[in-house]
Every structure is written in structure tokens, then in C-alpha cells.
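Results of the structural survey
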Amino acid sequence: RIVGAVVLVAQDGAVLYRQAVGYADREAQRPMQASTGFRLASMTKPIVTLAAMRLVEAGKLQLDAPVTRYLPDFRPPLVTAHGEKTVPTLSVRQLITHTSGLGYGFAEGADGAYARLGVSDGLDSSGISLDENLRRLGKAPLYFAPGSPWRYSLGIDVLGAVVAKAGGAPLQQVVAQSVTQPLQ
């Protein structure tokens with residue numbers, strides 16, 4: 001089930017154990033090396049969520065507030081089974097819990113709405129800004145009514161814009177002030 005792995009254990013800056021096993025590329029039979037690079041994704045999700053929770057703690061953000069309180073133009077539609085279009089209210093809590101109805105384009109394929117609208121999943125080098133990406137995402141239909149099923153999504157990207165607005169500074173600055181600087 002695991003093609004290859006690298007394990008490194010360090011204590012007080014000293015490497016105690018380092019081992020590479022398996023393959024970096026199974027098909028080419030290229031062995032894993034201790035220096036093999038790995039793509040890490042979604043590592044900012046808990047950090048942005050923590051910044052949001054710190055704002056909640058400070059009274060600057062409410063979990064059950066509509067996203068439109070912070071991002072008035074972010075209004076993705078929901079298309080019913082009968083083809084009727086509504087614009088439901090998404091909450092900050094739904095962004096955090098991945099129950100907002102948003103998704104990821106890589107899960108829908110090249111013919112999906114996200115691809116047609118040019119929404120970036122963050123796995124590409126799109127070069128578009130967060131504001132532009134959210135403008136595009138806000139036009140894509142929701143997968144389901146907010147508050148119902150769970151679906152891993154770009155909701156934390158939207159949350160990042162909410163955190164910036166509620167924090168009154170760019171996201172990087174709010175994260176620094178509320179998360180990374182206190183943790184040193």
C-alpha cells in the first residue's frame with residue numbers, strides 16, 4: 001500500500017535515525033532516497049483555521065455568521081434537481097468543517113464547473129490572486145446545500161479571505177500575529 005517512505009527522527013537538533021525504503025517511482029524502479037522530495041498539501045488548513053479560532057476568541061469573528069458579512073460578493077449558487085437556482089447562505093463554521101457545499105476541481109475532472117471557470121485548487125501554478133480565484137469560485141455551483149454532507153474543499157481558502165477581512169490585515173499578517181508569533 002505504501003510504495004516508498006522516508007523516516008527521520010531527530011532530538012534536540014541531532015538526527016537519531018534516518019531510513020529510506022521502497023521506491024520513489026515504482027514503475028521506473030527508482031529507489032527512495034533520504035533526500036527525495038515530497039509534495040505536502042493542505043498544511044496551511046490547520047494554521048488558517050487556528051487563526052480563525054483566535055479571531056473568534058477575540059470577538060472579531062463569529063462562527064455562525066454568514067460568509068457574506070465578510071465577503072459580500074461571495075455567493076455561490078445552488079442548482080436544485082429541477083434546475084432552479086438559489087443562493088444559499090454559507091457560514092464561517094461550514095467553511096471550517098467542509099460542509100459549505102464547496103469542493104475541489106480535481107475531484108470533478110476536466111469538464112467540471114471549476115475547470116470551466118478556471119478555479120485553481122492550489123496544486124497548479126495559476127498565477128491568479130486569491131481574490132480572483134474566489135471570484136471564479138463564487139460563480140461555480142455548490143455540490144450540495146450548505147450544512148449537509150462533508151466534502152473536502154476550497155472552503156479554507158475562502159476562510160483565509162474571511163480571516164483577513166475580520167482581522168483587518170492581509171492573511172499572512174493575521175496568521176503571524178495570532179498564530180506563529182505567539183508560538184515563536
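See the structure shown above.
In this report, the structure presented in the accompanying data block is examined.

**Focus: the packing of helix α1 (residues 45-57) against helix α6 (residues 171-183)**
- Remark: α1 packs on α6, axes separated minimally by 9 Å, with the N-to-C direction vectors making an angle of 85°. Relative to α6, the element α1 lies roughly perpendicular. The segment α1 lies against α6, with Ile47, Val48, Leu50, Ala51, Arg54 and Leu55 engaging Leu171, Val174, Val175, Ser178, Val179 and Pro182.
- Broken down by class, the residue content of the contact of α1 with α6 amounts to ten nonpolar, one polar and one charged.

**Overview of the sheet that holds strand β1 (residues 4-11)**
- Taken in spatial order, the three strands of this open sheet run β1-β2-β3, and their pairing is antiparallel. The sheet terminates laterally at β1 and β3 (30-31), the two strands that pair on one side only.
- By the bridge criterion, two bridges tie strand β2 (residues 14-25) to β3 in an arrangement that is antiparallel. Opposite Asp25, over in β3, you have Arg30 as the bridge partner.

**What about the environment of Gly155?**
- In this fold, Gly155 is placed in helix α5 (residues 155-167).
- In sequence terms Gly155 and Thr99 are 56 residues apart; their C-alpha atoms lie 8.6 Å from each other.
- Other than its neighbours up to four places away in sequence, Gly155 contacts Leu95 and Leu102.

**Concerning the layout of surface pockets**
- Here the largest pocket is characterised by a volume of approximately 610 Å³.
- Lining of the largest pocket is provided by 29 residues; of these, Thr44, Lys45, Asp121, Gly122 and Asp157 occupy positions nearest its centre.
- Of all elements in the fold, only α1, α4 (130-137), α5 and α6 reach the threshold of two or more residues within the lining of the largest pocket.
- Estimated volume of the second largest pocket: approximately 310 Å³.
- The wall of the second largest pocket is formed by 14 residues, among which Leu71, Phe74, Asp131, Leu134 and Ala161 lie closest to the centre.
- Of all the elements in the fold, those that place two or more residues in the lining of the second largest pocket are α4 and α5.
- In terms of residue class, the lining of the second largest pocket is made up of eight nonpolar, two polar and four charged.

Reading the values: rules and limits
- Residues numbered from 1 in each chain as written.
- Predicted model: local features only at pLDDT ≥ 70, side-chain atom pairs only at ≥ 80, totals over all residues.
- Heavy atoms only, no water.
- Axes fitted to C-alpha atoms, helices over the stretch in contact; angles between N-to-C directions.
- Helix = DSSP H or I, 4+ residues; strand = E, 2+ residues; numbered from the N terminus.
- Parallel < 35°, antiparallel > 145°, perpendicular 65-115°, else oblique.
- Contact = heavy atoms within 4.5 Å.
- Nonpolar A, V, L, I, M, F, W, Y, C, P; charged D, E, K, R; others polar.
- Pairing = 2+ DSSP bridges.
- 1 Å grid on protein atoms, 1.4 Å probe; cavity = no way out; pocket = protein on both sides within 12 Å on 5 of 7 lines; lining within 4 Å.
- Points joined across faces, edges and corners; volume = space filled by probe spheres on them.

Nothing here speaks to function; it is all geometry.
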